[in-house]
Structure formats: C-alpha cells, structure tokens
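Descriptive analysis of the structure
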Amino acid sequence: MPVVRPIDRWFIEEVLPFERDLLDAAARWSDSADEARDLVQEVLTRMLSTEGWQAITNPKTYMLRMIRNMVIDRVRRAKVVEFRHLVDHDDFDVADDAPDQHRVTADRQMLAEVAEAVEALPERCRIVFERCRVEGHSPKDIAAELGLSLSTLEKRLARAIHLLALALEPRRGDPYETSGREPETRRRLRLPN
Amino acid sequence: MRRSEGPVRTPAQAATEAATWLAQYRLGTIDEAAFRTWRDSDMANAIAFARALAMWERVSGDANDVVPAIPFPMPYGAMTSRRNFLRTAAVATVAGGIIAGGVTTTRAYAWSSASTEVGENKRIRLSDGSVAALNTNSRLSWRFSASERTFWIERGEVALDLSAGAEAVVRGDDRLVFLSQGRFNMRRRDAALDLLVLAGTARVNGDKGVPGMIVDTRKGASSVLISQSDAVVRLANAEQVDGITAWRHNEILFQDATLGSAVEEYNRFLTRKIVIVDRELSSIPVGGRFTTTDPDPFLQAVSTSLNVHVSRSPTAYLLTR
C-alpha cells in the first residue's frame, strides 16, 4: 500500500477544505473551543476510516449532518439540556451545494497566509524548506549545498513542516481560545512582552 | 480501521510525528513499513499526516489550481446526472474519432478526456486517486481498466501525479512510455513528447531498431525527449526543473532565454499574442519570473529595461525598436 492512499487524496481534497465550516458548525453547539475541536476531530476520524468514501457525493453536507447527529446524541445524554442546543438544527438539512465561490476566495486568502507563514519560519528552517519545496533536488545535493548532514536536513524540514502546519491550521474567524495548541507558537506570538 | 488500544494521542503529538514522516517522505528516506505501522496504529496519526501533506501541497502551489471539475466515480447505485454527463462526454470523444486503433468502448473501458483553453489551467482528480494538471491549451484523454491505465496527451502539457495501481502507459504517436507511481511533467512538442521525471521511473519502449530505455531519478530529475526516431535523456538541474514546473504556480520562468524564445513561451498563455516586429530584437538575452495570467509586468520589463517599444493593438502586443 502506498504512503499516500487514494482515501488520503480524497480526504485532502474533499474533506479537509471544509474543516473551517465544520469548526464553525461545531462551535455553535459546543461549550468550549476544545469541545468543538473534539467534535471535528471525531468527524475527521470517521471520514478517514470509512470504507465507502467513494460513495459520499457531498462530503460537506455529509459531515455537517454527522456533527448534527453527534450533537443530538450528546444533548440526549446530557443531564442539563441547554436551550440553545435545540435551536437551529434544521440549518443542517439545507444542502449547501454552492461552496465553490467561497472556496475560491478562501484559496486566495490562503495564498497570502501561506506566504506569511513561510516568511515567519526561523531562517534555518525556511532555507531548508525553500530548497526542498522545489521538486527535483536530490536530498543529498541539498544537504551538501547547505553543509548539513542528511539527518539535520530532515530535522529542519520536519520542523518547518510542523510550524507551517500549525500556522496554517484552519481556525475560526474570531480569535478564540486555543488551549489545545502547541505552546511554542503562543510563545512566539507573545514575544514583545 | 478504528483506534487501537493504548493511550489516546493528542492531535499535537500526532502532528509533530507526522511532520517528521512527511519530511522523510519528501526526502526519500522514509521507512514505509514503519510508517504504515505508525499510521495504522491511531487514526489521529493518519489525520495528522493527511493534514501535513495537504499543507505541503498547498504551500507548494497546488491550491492555486482550479478546483477539480470531475468527481470521483461513484460505484454505488445512484449516479448523479453529472456522472452520466461524463459518460456521455467520454462516448462523444470516441465518436469524434480522437482515438485510433479500433478501441472498443464498453462502459468501463471508455475514454474520458479533459481540456483547457488558452490561458486556462485545470486540475483533475482521476478515479484511481492520481491527479492530472493541465496547462494552457491542453487536452488529456485517459482510459482505465483493471489491468492498464492509458493516457494520451493530445495537445499541450500535463503534469501527472500518478498513484500506485495498474500499469500506466502514455501513448505517443509511435512510442509507448510506461510510468511507475511518481510525478511527471509531459509536454507535447509537435510529434515528440518531452517528459520530465520528477519521481518514479519511466520506461520508453524500443521501436524499429531504436533501443528502449529507462529513466529514473537516481541522479536527480531527468527529462527525456521522445520522438519516433530517438529518445534523448538529459539530467535536469534544479533551475531547469523550476522552469519546467513554474506553470503549476501560474508562473513563467525565463533563464538564459532570448526575447524570441521568451515571447514564444509567453504566447502559449495569451489569446492576445506578443509579436516581435523587428526581428533583431529576438536574440536579446532575457531572464525573470512572471505570472502567466498577466503579461503587463513582462511587457513593462521589456519596455523599460530593453528599451523596446511596446504598442498595443486589439489583437496583439507589438514589439519594435
């Protein structure tokens, strides 16, 4: 089985782009950002382990329904039912089939964020990343050119990937509590203190 | 595949490890068996890896491309009308006589195709999980069966990110090229095919006394120009690879080019063509990176740095001394 399976390709292209929509939906019914994140993580887990993924015609609607059902389950099990939990569930029954324009705009915004995130990398990581993102360099050549061992190259690239993934992680429009996030980025954001 | 026993991992732990796996995957140092064990041990790992890969592809410019126009095949009962449309389109392709050689077109064995107009590009996910990107003014046809995946670049340029699966064959006019799982850029130049192997292996079959050959990336990316009489292999250095693949980022890159060749390259993307009126301008050396979607900065650069006069007519940009 290859490193990147067909289901991964599908997951990357048809599921992950809607993560922010999922977060928005989950946040409407959650008491905390952590709970919303858990809900979304659970949805992603189910999507990436489903055997019938090829049959899912509209992943976004499918996932929003899944969240709704999970929320309803939780509400039923909860001892104290908050009123807001019961409002606007019907929203989800309206299929949203017009995401494309939204996605195009989001993609553009994404490009700006990407440039910013790359710029913000520590220089050593950024140099390695820039060399590796262009296809066709052999890792040995890059390592030799930068005067690094292959293992150092690997570590710096991994660090760059990690920092970029953190910086570009989908989050809600409003700044919100991010207790589950890595401490290092939070430290960096607070540097002026 | 559900979460196995053991402590539940946080997404943050998984993300750190996924970054290392992806770095190793990109550098070719990954131990695939160990990776699979790690991925299959916890869904949080699988998600983290997909997330890191998605980030990588976005950052490497893939998100720039057009949202795929063709959906995955939906093998279960209810087909969408779009799917039916595609099938009709595939049959229409055959009826249009694009495929020679007595191909039978059963439903599972029909050709599909996609094309782009001048100035357009498009990214398509194929039913086997492969991804094809079409550059300006290009047309790709493909046909998948259980035992073979056949591609035909009818015009233009196509980048193929080929997943593992049945044997993949690119049909040229006379020669066949067999591709392994990997990444390839293929540009049609008249009757020849210019193939850049970025990852994986390409095998060109022999023909009429011309020996076959294998092109791989052990010494780095290689390109091979395949024509009826010949197959010429050249190693491609990083700059050349960058130049060849620049279109994936809607860019056009001139290195050690002449104004003549730069204009020829730019015109692939333009409906309003650039015309060099005074021929001696053609040999002026130029270099630079420009966007394919807007020739103005290029013309501006030509005008100011080369002291070339640019006039605009409704159908062309005219370059004079």
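Residues numbered from 1 in each chain as written. Chains lettered and ligands numbered in written order. Predicted model: local features only at pLDDT ≥ 70, side-chain atom pairs only at ≥ 80, totals over all residues. Heavy atoms only, no water.

Naming follows an unreviewed UniProt entry, where chain B appears as Transmembrane sensor of Sphingomonas kyeonggiensis.

Per an unreviewed UniProt entry, chain A carries the name RNA polymerase sigma-70 factor (ECF subfamily) and comes from Sphingomonas kyeonggiensis. In its Sequence similarities (unreviewed entry) section, the UniProt record describing chain A reads: "Belongs to the sigma-70 factor family. ECF subfamily." (UniProt positions renumbered as here; feature names shortened; annotations may be inferred.)

Across its full length, chain A holds 9 helices and 0 strands. Ordered by position in the sequence, the α and β elements of chain A form the string α-α-α-α-α-α-α-α-α. When each of the 193 residues of chain A is scored for burial, the buried share is 44%. Counting contacts in chain A only where the partners sit at least 6 residues apart, residues at least 24 apart contribute 65% of the total. For chain A, the accessible area works out to roughly 10400 Å², and carbon and sulfur atoms hold 50% of it. (Helix = DSSP H or I, 4+ residues; strand = E, 2+ residues; numbered from the N terminus. Buried < 20%, exposed > 50% of the residue type's maximum accessible area, 1.4 Å probe, protein only. Contact = heavy atoms within 4.5 Å. Areas by Shrake-Rupley, 256 points an atom, 1.4 Å probe, with all protein chains shown as cover.)

The next subject is the packing of helix α8 (residues 150-167) of chain A against helix α3 (residues 43-59) of chain B. Viewed as axis vectors pointing N to C, α8(A) and α3(B) meet at an angle of 90°, and their least axial separation amounts to 10 Å. One way to sum up the angle between α8(A) and α3(B) is to call them roughly perpendicular. Packed against α8(A), whose contacting residues are L157(A), I161(A), L164(A) and A165(A), the element α3(B) presents A52(B), M55(B) and W56(B) at the interface. (Axes fitted to C-alpha atoms, helices over the stretch in contact; angles between N-to-C directions. Parallel < 35°, antiparallel > 145°, perpendicular 65-115°, else oblique.)

All names here are of chain B. Read from one edge to the other, the open sheet built from 3 strands follows the order β16-β19-β18, with strand pairing classed as mixed. Lying at the two open borders of the sheet, with one neighbouring strand each, are β16 (273-276) and β18 (309-312). Averaged over all neighbouring strand pairs, the angle between strand axes comes to 25°, with direction disregarded. Two elements, β16 and strand β19 (residues 316-320), share 4 bridges in a ladder whose sense is parallel. Within β19, the position partnered with I274 by the bridge is Y317. Lying on the sheet, helix α6 (residues 259-267) is in contact with β16 and β19; it crosses β16 at an angle near 160°. (Pairing = 2+ DSSP bridges.)

Further remarks concern the environment of I161(A). Structurally, I161(A) is set in helix α8. Counting along the chain gives 35 residues from I161(A) to R126(A), while the straight-line C-alpha distance between them is 9.8 Å. If we skip the residues at most four places from it in the chain, I161(A) touches A19(B), L22(B), A23(B), A52(B), M55(B) and W56(B).

This paragraph deals with the packing of aromatic side chains. Using the criterion set out here, one finds 13 aromatic pairs over all chains in the structure. Where W10(A) meets W53(A), the ring centres are 5.5 Å apart and the plane angle is 40°; that geometry is what we call tilted. Of this pair, W10(A) sits in helix α1 (residues 6-15) while W53(A) sits in the loop between α3 (33-48) and α4 (59-77), and the two are 43 residues apart along the sequence. Relative accessible area serves as the criterion here: at 2%, W10(A) is assigned to the buried category. An angle of 75° between the planes, with centres 5.2 Å apart, marks the rings of F290(B) and F298(B) as edge-to-face. On the basis of relative accessible area, F290(B) is assigned to the buried category, the value being 14%. Taking relative accessible area as the criterion, F298(B) reaches 2% and is therefore assigned buried. (Phe/Tyr/Trp six-rings, centres within 6.5 Å; stacked < 30°, edge-to-face > 60°.)

This brings us to the environment of I284(B). Mapped onto the fold, I284(B) is located in the loop between β16 and β17 (285-291). Setting aside residues up to four positions removed in sequence, I284(B) forms contacts with A257(B), T258(B), L259(B) and L306(B).

Quick look at the interface of chain B and chain A now. Listed as interface residues are 60 residues of chain B and, on the opposing side, 53 residues of chain A. With both chains or domains summed, chain B and chain A bury close to 5100 Å², and 65% of this area falls on carbon and sulfur atoms. Of all residues in chain B, L27(B), R51(B) and V59(B) give up the largest surface area on contact with chain A, accounting jointly for 13% of the area buried on that side. Taken together, the links from chain B to chain A amount to 6 salt bridges. The partner of E13(A) in a salt bridge is R123(B), with the nearest N and O atoms 3.1 Å apart. (Buried area = accessible area lost by both parts, 1.4 Å probe. Salt bridge = Lys/Arg side-chain N within 4 Å of Asp/Glu carboxyl O.)

A few words now on the confidence of the model for chain B. This prediction gives chain B a mean pLDDT of 79; 79% of its residues lie at or above 70. Helix α4 (residues 81-95) of chain B is the least confidently modelled element of chain B, averaging 36 in pLDDT, while strand β6 (residues 157-162) of chain B averages 95, the highest of any element. (pLDDT = per-residue confidence, 0-100.)

We now examine the pairing of strand β2 (residues 122-125) of chain B. Residues and elements named next belong to chain B. Of the two faces of β2, both are covered, the one formed by K122 and I124 as well as the one formed by R123 and R125. Inspection of the sheet shows β2 paired to strand β3 (residues 131-134) by 4 bridges, in the antiparallel sense. In the sheet register, I124 faces β3, and the bridge partner there is A132. Hairpin connection of β2 to β3: 5 residues between the antiparallel strands, including G129 at a positive phi of 95°.

Within a regular beta strand, the side chains point alternately toward one face of the sheet and then the other, so they alternate between its two faces. All names here are of chain B. For strand β9 (residues 182-189), the tally of buried residues reaches 6 of 8 residues, placing the bulk of the element in the interior. Judged from the 6 bridges that link them, β6 and β9 form a sheet pairing that is antiparallel. Pairing of V158 across the sheet is with M186, part of β9. Inspection of the sheet shows β9 paired to strand β10 (residues 192-199) by 7 bridges, in the antiparallel sense. Within the sheet, the bridge partner assigned to N185 lies in β10 and is L196. Turn length for the β9-β10 hairpin, with the two strands adjacent in sequence and antiparallel, is 2 residues, and the turn residue D190 shows positive phi of about 50°.

This part takes up the sheet that holds strand β8 (residues 176-179) of chain B. Residue and element names in this part refer to chain B. One open sheet accounts for 7 strands, arranged β1-β4-β5-β7-β8-β11-β12; its pairing is mixed. Bordering the open sheet on either side are β1 (112-115) and β12 (213-215), each of which pairs with just one other strand. Neighbour to neighbour, the strand axes of the sheet diverge by 20° on average, direction disregarded. Note: strand β7 (residues 167-171) against β8, 4 bridges, orientation antiparallel. Pairing of V170 across the sheet is with V177, part of β8.

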